[in-house]
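Residues per chain, in single letters:
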Amino acid sequence: MTPQLVAIVDLGSTAVRFRLARIAPGTGYRVLAQERVATRLGGGAPRTLSRDAIADTLRAVHRFFSRHPSNGRDPRIVAVATSAVRDARNRERLLAPLRRDEGIDVHVLSARDEARLGASAAIESLPFEDGVVADLGGSSLQLSRVRHRKVLSMASLPLGAVRTTRRFLHHDPPTPRELQAFRNGIRAEMQGVVPPAGSGEVMVGLGGTVRALAGIHLGAHRGERKHRHGLRLHQSDVTAIRERLEGLSRRKRAKIRGFKGERADIILAGAIVLEEAMVFGGYLRLVVCMRGVGDGILLRETFDGRRGA
């Protein structure tokens, strides 16, 4: 079949991600260009997209398509939005201008679809058989239980790094009382939802928090390895990073080796959510996955759902 030019627009809760790819249906794809722009769509008041985040997102979308002309061939645009947009009462303030000014019709993913796309990307890119895929974004935590490389069940919890920071952590650094209230809130949400680990099962982690924790770990263990994808962190490694972050101000967190300061305000909350999920479910290993929803979309568009989850 004739190769297709496809542009993927992923309106996430923390950042907007773009990819321009050439797809050979049923065979594979090649990414020609990609960008990430931090917009914090999930950083406004509850169930609300802030005016600034909307404006930043609209500018980022326009700029990407201006920078990457298609040489006379219009790419087919696949645009999706995740938890922050899904939950927002005012989402049409973002979606309507995208339709009107850019000709982009955004598909708002259900929690189930969001989890399935992330799990598909993890299964395709990592050699694990059984476990749980934990996709931690800015607004939500998606959990997909995997058996024999197939997704058996999915759940979504409102425990994203941006959302929980805004809800629980108001001081810099947080007070012991705030941290305890945060942990109590997480455990109440996770009760009966986090799949218990079987023998040898792993937690596969996706999302910005997981990538950041991997960077911090490698920054503290220079020479261990270069690449984050596939890195295995012990539960004790995650705890050690969380303990390090817990006593630092946002300004000092931003200076940690291997860490991009952009997430300094939300990284602690994300680390605590992941640590609690591992402890709650009895997972001793966190396998870092550098893929995500956008990769799941590319797999779906290329193979029409015949591979992965």
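In case you missed it, the structure is sitting above this.
These figures come from a predicted structure and were not determined experimentally. (Residues numbered from 1 in each chain as written. Predicted model: local features only at pLDDT ≥ 70, side-chain atom pairs only at ≥ 80, totals over all residues. Heavy atoms only, no water.)

Undergrad: Would you mind showing me how to read unusual backbone geometry here?
TA: Across residues other than glycine, the phi torsion is negative in most instances, and most of the peptide bonds are trans. In this chain, D172 is followed by P173 through a cis amide linkage whose omega measures -5°. One non-glycine residue, R40, adopts positive backbone phi at about 55°. Tracing the backbone shows R40 in the loop between β3 (28-38) and α1 (51-67). Phi at H148 takes a positive value of approximately 50°, unusual for a residue other than glycine. With respect to the secondary-structure elements, H148 resides in the loop between β7 (141-147) and β8 (150-157). (Helix = DSSP H or I, 4+ residues; strand = E, 2+ residues; numbered from the N terminus.)

Undergrad: How do you make sense of the packing of aromatic side chains when you look at a structure like this?
TA: The description of an aromatic ring pair uses the distance of the two centres, along with the angle that the planes make with each other. One pass over the structure, following the stated rule, counts three aromatic pairs. Relative to F65, the ring of F64 has its centre 5.4 Å away and its plane inclined at 85°; by these criteria the two rings are edge-to-face. Taken together, a centroid distance of 5.0 Å and an interplanar angle of 25° make the contact between F168 and F182 stacked. With a gap of 14 residues between them, F168 in helix α5 (residues 161-168) and F182 in helix α6 (residues 176-190) connect regions that are remote in the sequence. On the basis of relative accessibility, which here comes to 13%, the residue F168 falls in the buried class. (Phe/Tyr/Trp six-rings, centres within 6.5 Å; stacked < 30°, edge-to-face > 60°. Buried < 20%, exposed > 50% of the residue type's maximum accessible area, 1.4 Å probe, protein only.)

Undergrad: It is not clear to me how the environment of G185 should be interpreted in this structure. Could you clarify?
TA: Within the fold, G185 resides in helix α6. Taking C-alpha positions, G185 is 9.4 Å from L159, a pair spaced 26 residues apart along the chain.

Undergrad: I keep staring at the sheet that holds strand β9 (residues 202-206) and nothing clicks. Help me out?
TA: What links the strands of a sheet is backbone hydrogen bonding, and the strands pair in either a parallel or an antiparallel sense. Taken in spatial order, the six strands make up an open sheet running β8-β7-β6-β9-β11-β10, and their pairing is mixed. The sheet is open, and its two edges are formed by β8 and β10 (232-234), each paired on a single side. Strand-to-strand, the axes of this sheet are offset by a mean angle of 25°, without reference to chain direction. With three bridges joining them, β9 and strand β11 (residues 285-288) adopt parallel strand pairing. Counterpart to G205 in the pairing with β11 is V288. (Pairing = 2+ DSSP bridges. Axes fitted to C-alpha atoms, helices over the stretch in contact; angles between N-to-C directions.)

Undergrad: Honestly, the packing of α5 against α6 in this entry has me stumped. Any pointers?
TA: In a pair of packed helices, the angle between the axes and the distance between the axes together describe the arrangement. Across the interface, α5 lies against α6 with an axial gap of 10 Å and an inter-helix angle of 130°. Regarding the angle of α5 to α6, the classification is oblique. As α5 runs across α6, the sense of the crossing is right-handed. Along its contact with α5, which presents T164, R167 and F168, the element α6 presents E178, A181, F182, G185 and E189. (Parallel < 35°, antiparallel > 145°, perpendicular 65-115°, else oblique. Left-handed = near helix turned anticlockwise from the far one by under 90°. Contact = heavy atoms within 4.5 Å.)

Read these as spatial facts, not as claims about activity.
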